[in-house]
Amino acid sequence: MSAIDDLPPLREVIREHSLSARKSLGQNFLLDLNLTARIARAAAPLDDATVVEIGPGPGGLTRALLALGARHVIAVEHDERAIPALEMIAKRYPGRLEIVCTDARTFDPKPYLGTTKAKIVANLPYNIATNLLVGWLSLEPWPPWYDMMVLMFQREVAERIVARENEEAYGRLGVLANWRCETKILFDISPSAFVPQPKVTSSVVRLVPRAAPEPCDRRALEQVAAAAFGQRRKMLRQSLKSLPADPARLAAAAGVDPTRRAETIPISGFVAMARELTNMRSETTDRSNKS
């Protein structure tokens, strides 16, 4: 008997289905059902919720989500070996677990959701975690199809996600994440909780989409942040030269001195520079059309 349901313990499930973790898939299985329940509770309220889970593996978090009331869990698993273990859970919770065997990087959940908003809850594979997050943060139109993300990352990545200006971890990811979402590290999980044990501590992060982020073109924002943080030790007047724009004018639009460095600029400053970059491109296009 497990802590959350009458299904077999996860170690027994792994043995029965020969689910040794594969490094190539970034797998580290979380076997403590008390911890998986804690992650699931962080996505509350779950009653009547639709949840998209990425990389469920043997299904510890899947079981917690269902046991705690999720109406519909869409489990996206790339590893075919895990499907029989997930099917066992589907039989325990009839009609509530939908298993999709595909690569999460190409998965489009919208046909599975209709008009329903979902939550994304996952112990993400380390090797694709950042790419998945950036994809979800870059969705258009905004607000997106999800209303919350509760995700596990390596602690270093989690710190980059929540970082703001004048913090060591602040960079392009922090600009994008905090422009579009409210972010918070909820708690850490020790390497000893996983099989196999990773070499780093993991952290659970909650991201809640902002209904109306400060208006600007997302691609322009990403370009300005990429230029500024691409040479983060240099002043803006130098680092922004890689853009087809006057660095002094961009800095002036943000109300900052061009001798400042990227890590000191708040997100509102990057938004202002992105808007000015868009304006400058429009001016160039207008001049070209007139000529």
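Residues numbered from 1 in each chain as written. Predicted model: local features only at pLDDT ≥ 70, side-chain atom pairs only at ≥ 80, totals over all residues. Heavy atoms only, no water.

A. Layout of helix α9 (residues 218-230). Its 13 residues place the ends of α9 18 Å apart at the C-alpha level, agreeing with the 18 Å of an ideal helix rising 1.5 Å per residue. Within the span of α9, buried status applies to R218, A220, L221, V224, A225, A227, A228 and F229. Between the side-chain oxygen of the N-cap and the backbone nitrogen of R219 there are 3.2 Å, and the N-cap of α9 in question is D217. (Helix = DSSP H or I, 4+ residues; strand = E, 2+ residues; numbered from the N terminus. Expected span 1.5 Å × (residues − 1). Buried < 20%, exposed > 50% of the residue type's maximum accessible area, 1.4 Å probe, protein only. Polar contact = N/O pair within 3.5 Å; in protein donor to acceptor, adjacent residues only side chain to side chain.)

B. Representation of the environment of R210 within the structure. With respect to the element layout, R210 can be found in the loop between β9 (202-209) and α9. Counting along the chain gives 159 residues from R210 to V51, while the straight-line C-alpha distance between them is 19 Å. The contact partners of R210, leaving out residues within four places of it in the chain, are W142, R164, N178, W179, R180, C181 and E182. (Contact = heavy atoms within 4.5 Å.)

C. Spatial organisation of the sheet that holds β9. Read from one edge of the open sheet, 7 strands run β4-β3-β2-β5-β6-β9-β7, paired in mixed fashion. The strands lining the two open edges of the sheet, one partner per strand, are β4 (97-100) and β7 (181-189). Mean inter-strand twist for the sheet, computed between neighbouring axes without regard to direction, equals 20°. As paired elements, strand β3 (residues 72-76) and β4 share 4 bridges and run parallel to each other. Opposite A75, over in β4, you have I99 as the bridge partner. On the sheet, helix α2 (residues 33-41) packs against β5 (118-123), β6 (146-154), β7 and β9 and is oriented at approximately 165° with respect to β7. (Pairing = 2+ DSSP bridges. Axes fitted to C-alpha atoms, helices over the stretch in contact; angles between N-to-C directions.)

D. Seen up close, the environment of T259. Secondary-structure assignment places T259 in the loop between α11 (247-253) and α12 (267-290). What makes T259 partly exposed here is its relative accessible area of 32%. Separated by 13 residues in the primary sequence, T259 and D246 place their C-alpha atoms 14 Å from one another.

E. View of the pattern of salt bridges. This structure, assessed with the given rule, holds 14 salt bridges. With a closest N to O distance of 2.7 Å, D79 and R81 form a salt bridge. Here the two residues D79 and R81 agree in accessibility, since each one is buried. The partner of R105 in a salt bridge is D103, and the shortest N-O contact between them spans 2.9 Å. On the basis of relative accessible area, D103 is assigned to the buried category, the value being 18%. Through salt bridges with shared partners, one network takes in E140, R180, R218 and E222. (Salt bridge = Lys/Arg side-chain N within 4 Å of Asp/Glu carboxyl O.)

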